[in-house]
Amino acid sequence: HLDINMSSGGAQPERTNAEGEDLAVPLPQEWDLEALRGMRVVLYQNKISPPCCKIRALLKFYKVPFETVEGKKPDSDYKKIPVLDVGDRQINDSFIIVKTLAPIL
């Protein structure tokens with residue numbers, strides 16, 4: 001069950017998660033590190049935020065190319081940072097981002 005109000009412009013409910021909750025639909029099993037390196041990855045962040053630093057360090061360690069955008073993700077119902085867009089999926093909450101990506105990395 002997701003407690004996210006999906007207004008127009010927001011991610012589809014099955015493509016994102018509420019804070020502290022796993023993704024409603026897991027990432028595809030065929031995704032691996034090489035697939036991740038070939039996808040568009042965008043981190044919505046604040047440069048001095050420790051949770052954002054954790055995600056940047058993880059992506060850099062595994063040499064996953066990514067873009068950064070300062071601030072919250074526009075048009076997202078999730079109002080905190082970090083938010084990580086991987087392809088067409090949005091992952092919220094630094095703990096859930098790490099937990100979700102760990103099997104791939």
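The structure presented is a predicted model; accordingly, all values stated were derived computationally and were not measured.

**Looking at the sheet that holds strand β1 (residues 41–45)**
Thought 1: The mixed open sheet is built from four strands, whose spatial order is β2-β1-β3-β4. Since the sheet does not close on itself, it has two edges, and those belong to β2 (67–70) and β4 (89–92), each with one partner. Along the sheet, successive strands turn relative to each other by an average axial angle of 20°, direction set aside.
Thought 2: Bridge analysis of strand β3 (residues 83–86) against β4 gives four bridges, and the strand direction is antiparallel. Each bridged residue has a counterpart across the sheet, and for V86 the counterpart in β4 is R89.
Thought 3: Running over the sheet, helix α2 (residues 50–61) touches β1, β2 and β3 and is turned about 160° from β1.
Thought 4: Packed on one face of the sheet, helix α3 (residues 94–101) meets β3 and β4 and runs near 125° to β4.

**Considering α3**
Thought 1: Regarding α3, the residues found buried are S94, I96, I97, T100 and L101. All buried residues of α3 fall inside an arc of 165° around its axis, so they share one side.
Thought 2: Close packing links the buried residues of α3 with α1 (33–37), α2, β3 and β4.
Thought 3: With a side-chain oxygen positioned 3.0 Å from the backbone nitrogen of F95, the residue opening α3 is D93.

Cut-offs used in this document
- Residues numbered from 1 in each chain as written.
- Predicted model: local features only at pLDDT ≥ 70, side-chain atom pairs only at ≥ 80, totals over all residues.
- Heavy atoms only, no water.
- Pairing = 2+ DSSP bridges.
- Helix = DSSP H or I, 4+ residues; strand = E, 2+ residues; numbered from the N terminus.
- Axes fitted to C-alpha atoms, helices over the stretch in contact; angles between N-to-C directions.
- Contact = heavy atoms within 4.5 Å.
- Buried < 20%, exposed > 50% of the residue type's maximum accessible area, 1.4 Å probe, protein only.
- Arc of directions from axis to C-beta.
- Polar contact = N/O pair within 3.5 Å; in protein donor to acceptor, adjacent residues only side chain to side chain.

Read these as geometric descriptors, not functional statements.
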